[in-house]
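The primary structure of each chain is shown beneath.
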Amino acid sequence: MHTEWSWDAPRGDMERSCARALELGLPAIAFTEHADWALVHQGQHPVDIEGYLDAVDRCRAAFPDLRILTGVELGEPHWFPKETEAILAAGPIDQVLGSVHSIHLGGGTLDASQFRSREGIDFPAAVDEYFREVLLLVESAQPFEVLAHLDYPKRYWPDGAAPYREKDYEVEIRAILKAAARSGRVLEVNTTRGHILCPDLTVVRWWRELGGQAVQYGSDAHQPDKVAEGFKVATQMVESAGFKPAKDPASLWRR
Ligand SMILES: [Zn+2]
C-alpha cells in the first residue's frame, strides 16, 4: 500500500495504517511508495527515500508486533535506469514493484487514467501500446521483483467500449507472463482497494500454466481505512488458481 510518502496519497498515513493492520489481524504490512519520473502529472514524482526509511524505522519501534516491510513501486523503471539505481542504493528495500502507468503515444506521454479523457485518442491502440510497454519492462534488466497491476488500463475502461476481456489480449498477456516467469518474477494481484482485481482469475491461471512460481497481492490502498481491502476475494482467487500461502513473506503465495 501507499502512505503520505507517495505523491498521490494526500490522505496517506503510515502510522495509522500500521494501527489498522493490527486491528485487522494482519501479520505484516508493506509500504510500497511511488517513484515516478514520467512527465504526465505536472513534473516528476520521485520518492524521498531517506525520509521514508526513517518513517518506517519510527513505525517499527512503535509497532513491534507488526512486521513492516519496506518497498517502492517504480513507475516505468526501464525508462529511468539511473534514477532507479539511486533509489535502490539508498537502503534495504524488501519489496520492489515494477509498474507501467504511462505510454508514449502520438508524440506525447500519457497515463492510462487519461486514456478516456484525452481528446481524439485511439483507445484500442493505446491499450495495445500499454501491453507492449509492459513486455518491454519485464524483458528489461531492471531490478524489480514484482510485476504490478499488469492490466492497469482496465480500471479506466471507457463506458461506451466493449467490456475488457482477457481473451482479447491473450497473446500479449501470455508473452508478458512468459517473460516474467523466465526472469523469476512475482505476479501481483492488485485488488484496487476492493474495486477490481488486476489481474483477475483468467490471467492468474495462465500464470500458473506458464510456470509462474508466486503471486502476491496488494490493496493499492492510499489511506489507512483501505488497508487489505479486497484480500478475501483475492485469497479465494489465488487459491482456486492453485497457489498456497508461503511461509515468508506474509503476502506471498506459491505453487
Ligand atoms: Zn501503480
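Notes on the structure follow. What you are looking at is a predicted structure, and each value in this text was computed from that prediction instead of being measured.

**A few points about the environment of valine 127**
Position of valine 127 relative to the elements: it lies in helix 4 (residues 123-139). Taking the C-alpha atoms as reference points, valine 127 and tyrosine 169, 42 residues apart in sequence, are found 9.4 Å from one another. Sequence-distant contacts of valine 127, that is, excluding residues within four places in its chain, are made with Phe115, Trp157 and Tyr169.

**Observations regarding the coordination of the zinc ion**
The coordination sphere of the zinc ion contains the protein donors Glu73 (OE), His101 (NE2) and His149 (NE2), at a distance range of 2.0 to 2.2 Å. For the zinc ion, all donor residues lie on one chain, and their spacing in sequence is E-x27-H-x47-H. With glutamate 73 in strand 2 (residues 67-75) and histidine 149 in the loop between strand 6 (146-147) and helix 5 (170-182), the pair connects residues that are 76 residues apart, well separated along the chain. An identical accessibility class is assigned to glutamate 73 and histidine 149; each is buried.

**So, helix 4**
Between the first and last C-alpha of helix 4 there are 25 Å, a value that for 17 residues agrees with the 24 Å anticipated at 1.5 Å per step. All of the buried residues in helix 4 are Phe123, Ala126, Val127, Glu129, Tyr130, Phe131, Glu133, Val134, Leu137 and Val138. Packing partners of the buried residues in helix 4 comprise strand 3 (95-99), strand 4 (102-105), strand 6 and helix 5.

**So, the pairing of strand 5 (residues 108-111)**
Bridge analysis of strand 4 against strand 5 gives 4 bridges, and the strand direction is antiparallel. Bridge pairing in strand 5 places serine 102 opposite aspartate 111. The turn linking strand 4 back onto strand 5 is made up of 2 residues, and glycine 106 within it adopts a positive phi angle of 55°.

**Describing the nonpolar core**
With 69 residues, the main nonpolar core has Phe131, Leu147 and Ile173 as its most contacted residues. Looking at this core, the element that brings in the most residues is helix 4, giving 8 residues. Discounting residues that sit within four places of it in the chain, leucine 147 has contacts with Gly98, Val134, Leu137, Val138, Ile176, Val186, Leu187 and Glu188. The next biggest cluster of nonpolar side chains, apart from the first, holds 7 residues, and it includes Leu97, Ala148, Val186 and Ala214.

**With respect to the side chain of arginine 174**
Inspection of the secondary structure assignment puts arginine 174 in helix 5. One polar contact links arginine 174 to glutamate 170, side chain to side chain, over a distance of 2.8 Å. Within polar-contact distance, the side chain of arginine 174 engages the side chain of glutamate 209 at 3.0 Å. Other than its neighbours up to four places away in sequence, arginine 174 contacts Trp206, Glu209 and Leu210.

**Things to note about the packing of helix 1 (residues 14-24) against helix 2 (residues 49-62)**
Between helix 1 and helix 2, the least distance of the axes is 10 Å, while the angle of their chain directions is 40°. As the angle between them shows, helix 1 and helix 2 are arranged oblique. Here helix 1 and helix 2 pass one another in a crossing that is right-handed. Residue-level inspection shows Met14, Glu15 and Cys18 of helix 1 in contact with helix 2, the latter providing Tyr52, Ala55, Val56 and Cys59. Per-class residue counts for the contact of helix 1 with helix 2 are 6 nonpolar, no polar and 1 charged.

**Focus on the sheet that holds strand 10 (residues 252-254)**
As summarised here, the arrangement of the 8 strands in space is 1-2-3-6-7-8-10-9, forming an open sheet in which the pairing is mixed. The strands lining the two open edges of the sheet, one partner per strand, are strand 1 (28-35) and strand 9 (244-245). Pairing analysis gives 2 bridges linking strand 9 to strand 10, with the strands arranged antiparallel. Across the sheet, the residue bridging to proline 245 is tryptophan 253, located in strand 10.

**Quick notes on the packing of aromatic side chains**
With the rule as written, the count across this model stands at 12 aromatic pairs. Taken together, the ring pairs in this structure connect Phe115, Phe123, Tyr130, Phe131, Tyr152, Tyr156, Trp157, Tyr164 and Tyr169 into an aromatic cluster. Just above the ring of phenylalanine 144 sits the side chain of arginine 185; from NZ or CZ to the centre is 3.9 Å. Here the basic side chain of arginine 208 rests over the ring of phenylalanine 243, its NZ or CZ set 5.7 Å away from the ring centre.

About the criteria used
- Along every chain, residues carry numbers that run from 1 in the direction the sequence is written.
- pLDDT decides what is reported in this predicted model: residues at 70 or higher carry local features, side-chain atom pairs at 80 or more are listed and counted, and totals for whole chains, interfaces and linings draw on all residues regardless.
- The side-chain quantities take in all heavy atoms of the structure and omit both hydrogens and water.
- Secondary structure is summarised from DSSP: a helix means a run of H or I of at least four residues, a strand means a run of E of at least two, and numbering begins at the N terminus for each.
- We call two residues in contact whenever any of their non-hydrogen atoms come within 4.5 Å of each other.
- The donor set comprises N, O and S atoms within 2.8 Å of the metal, extended to 3.2 Å for Na, K and Ca; water molecules are omitted, so apparent gaps in a site may simply reflect that omission.
- Think of it in three bands: residues with accessible area under 20% of the maximum for their type are buried, residues over 50% are exposed, and the middle band is partly exposed, with areas taken using a 1.4 Å probe on protein chains only.
- Here a helix's expected span is defined as the number of its residues, less one, multiplied by 1.5 Å.
- Pairing between two strands is assigned when DSSP locates at least 2 bridges connecting them.
- The criterion is simple. A nonpolar core is a set of buried Ala, Val, Leu, Ile, Met, Phe, Trp, Tyr and Cys residues joined through side-chain atoms within 4.5 Å.
- Residues adjacent in sequence count toward polar contacts only when both atoms are side-chain atoms; beyond that, a polar contact is any pair of N or O atoms within 3.5 Å, and within protein one must be able to donate a hydrogen and the other to accept it.
- Only the contacting stretch of a helix is used when fitting its axis, a line to C-alpha atoms as for every element, and angles between N-to-C directions run 0 to 180 degrees.
- Orientation categories follow fixed angle ranges, with anything under 35 degrees roughly parallel, anything over 145 roughly antiparallel, 65 to 115 roughly perpendicular, and all other angles oblique.
- Less than a right angle of anticlockwise turn of the near helix away from the far helix marks a crossing as left-handed, whereas a clockwise turn marks it as right-handed.
- In this count, Pro and Cys sit with the nonpolar residues alongside Ala, Val, Leu, Ile, Met, Phe, Trp and Tyr, while Asp, Glu, Lys and Arg are called charged and the others, Gly among them, polar.
- Ring pairs are drawn from Phe, Tyr and Trp, using the six-membered ring of Trp, whenever the two centres fall within 6.5 Å, and their geometry is named by plane angle: stacked under 30 degrees, edge-to-face over 60, tilted for the rest.
- Definition used: whenever NZ (Lys) or CZ (Arg) falls within 6 Å of the ring centre and also within 35 degrees of the ring normal, the charge is taken to sit over that ring.

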